[in-house]
Structures are given as C-alpha cells and as structure tokens.
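Geometric and topological summary
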Amino acid sequence: MKINQIYVNLPVKDIQKTKEFWTKLGFSVNNQISDERAVCIILNDNSFVMFITEEYFQTFSEKPVPKGDTTQVLIAISLSSREEVDQVVNAAVANGATQHEEPQDYGWMYHNSFWDINGHGWNVTFTDASQIPSQL
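The model shown is predicted, which means the values in this text are computed figures rather than measured ones.

**A closer look at the side chain of Ser47**
Among the secondary structure elements, Ser47 is positioned in strand β4 (residues 47-53). On the basis of relative accessibility, which here comes to 18%, the residue Ser47 falls in the buried class. Non-local contacts of Ser47, meaning those with residues more than four positions away in its chain, are made with Ile6, Ile41 and Ile42.

In structure tokens:
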C-alpha cells in the first residue's frame, strides 16, 4: 500500500495569523479548501497541513485540544539542503516562532527546529543519503 497524500490537522487560535506566518516562510495556500475556520498550507504536491481553529477542530475529536504548554506531536519535514533548513528556521524565528534547540549536524544528516506561533514543533532536516553510515 502507498499513501497518495498526507494531511496533518493541527488546532490553532488564529487562522489569519497562522496563514500569514506560513506564507512568510514561502509556503502556498490551497484556497479551495481554506476558509475562516481552516487554512490548508501546501508543503509539496502530496503533503499538506490543515490549520484548524480550535473550535472547529473540536468537532473532529471528542478529546480536548491540548494547551499551549503541552506537546502532542513533533512534525519533521525534509528539505534539499542545509541552507534551506536554516533559511526556513531563521524565517520562522524572524516571524514569531521560537528556536527549539540548537542545530544538530551528524555529517550525513543536519537538522534545526522551531516551535511555530501556535506552539507546534517542527524539525527541519536535510539528509545526504550518500553519506549515511552503514551502521547507525
């Protein structure tokens, strides 16, 4: 079995601020499935994040929306270079995100991370497959 697309659904307080944040990082919006309750951010042709107001998000689950001081999930995205990784993280921090931890360089893999304006954790990575050690 292969997955054709992935949609990650995350609760947020303010759709407009969230939309502005992600477009400032260089991502596009799918306006066909976005409205005042949700914004669809296009990560690539097959990967999307649906940022949904907490009230609307609550209609999809009987579990409570986590408070801002908890972590339910960390999302990892992979980019094409170390420079792109730092570019995205630096743009995120410049637009209101907070640095999660210092960048980590393993030679074959590099990652940097941030907490977005809604408190969601993002690990941004670059992996050079030709440099992966035979034994990890």
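**Digging into the sheet that holds strand β7 (residues 109-115)**
Working definition: the strands of a sheet are paired by backbone hydrogen bonds and lie parallel or antiparallel to each other. Spatial strand order, β5-β8-β7-β6: 4 strands in an open sheet with mixed pairing. The open sheet has two edge strands, β5 (74-78) and β6 (98-105), and neither has a second partner. When the angles between neighbouring strand axes are averaged without regard to direction, this sheet yields 15 degrees. Two strands pair when backbone bridges link them, and β5 and strand β8 (residues 121-127) are joined in this way by 5 bridges, in the parallel orientation. Within the sheet, the bridge partner assigned to Ile77 lies in β8 and is Val124. Across the sheet, helix α3 (residues 82-94) touches β6, β7 and β8, and the angle it forms with β7 is around 10 degrees.

**Observations concerning helix α1 (residues 15-24)**
Listed in full, the buried residues belonging to α1 are Ile15, Thr18, Phe21 and Trp22. The buried residues of α1 occupy one face: seen down the axis, they fall within an arc of 130 degrees. Counted as exposed and oriented over 90 degrees from the buried face of α1: Lys17 and Lys24. Against the buried residues of α1 lie β1 (6-12), β3 (38-44), β4, α3, β7 and β8. Here α1 starts with a cap whose side-chain oxygen sits 3.0 Å from the backbone nitrogen of Gln16, and that cap is Asp14. Looking one or two places after α1, you find Gly26, whose phi comes out positive at around 105 degrees.

**Quick word on the pattern of salt bridges**
Enumeration according to the criterion identifies 3 salt bridges in this entry. Note that Glu54 and Lys13 form a salt bridge whose closest N and O atoms lie 3.1 Å from each other. Of this pair, Glu54 sits in helix α2 (residues 54-57) while Lys13 sits in the loop between β1 and α1, and the two are 41 residues apart along the sequence. Given the relative accessible area of 65%, Lys13 is considered exposed. Arg82 is paired through a salt bridge with Asp105; the nearest N and O atoms lie 2.5 Å apart. On the criterion of sequence distance, the pair formed by Arg82 in helix α3 and Asp105 in strand β6 is long-range, its members being 23 residues apart. Here Arg82 falls in the partly exposed class, since its relative accessible area comes to 24%. Classification of Asp105 as partly exposed rests on a relative accessible area of 48%.

**Some words on the environment of Met109**
Tracing the chain through its elements places Met109 in strand β7. Distance in space between the C-alpha atoms of Met109 and Thr125 is 7.1 Å, their sequence separation being 16 residues.

**Considerations on the sheet that holds β1**
Taken together, the 4 strands give an open sheet; going across it, the order is β1-β4-β3-β2, and neighbouring strands pair in mixed fashion. A strand with exactly one partner marks an edge of an open sheet, and here the two such strands are β1 and β2 (28-29). Two strands pair when backbone bridges link them, and β1 and β4 are joined in this way by 7 bridges, in the parallel orientation. Residue pairing across strands places Val8 opposite Val49, the latter belonging to β4.

Conventions and cut-offs
Residues numbered from 1 in each chain as written. Predicted model: local features only at pLDDT ≥ 70, side-chain atom pairs only at ≥ 80, totals over all residues. Heavy atoms only, no water. Helix = DSSP H or I, 4+ residues; strand = E, 2+ residues; numbered from the N terminus. Buried < 20%, exposed > 50% of the residue type's maximum accessible area, 1.4 Å probe, protein only. Contact = heavy atoms within 4.5 Å. Pairing = 2+ DSSP bridges. Axes fitted to C-alpha atoms, helices over the stretch in contact; angles between N-to-C directions. Arc of directions from axis to C-beta. Polar contact = N/O pair within 3.5 Å; in protein donor to acceptor, adjacent residues only side chain to side chain. Salt bridge = Lys/Arg side-chain N within 4 Å of Asp/Glu carboxyl O.

All quantities given are derived from atomic positions and should not be read as evidence of function.
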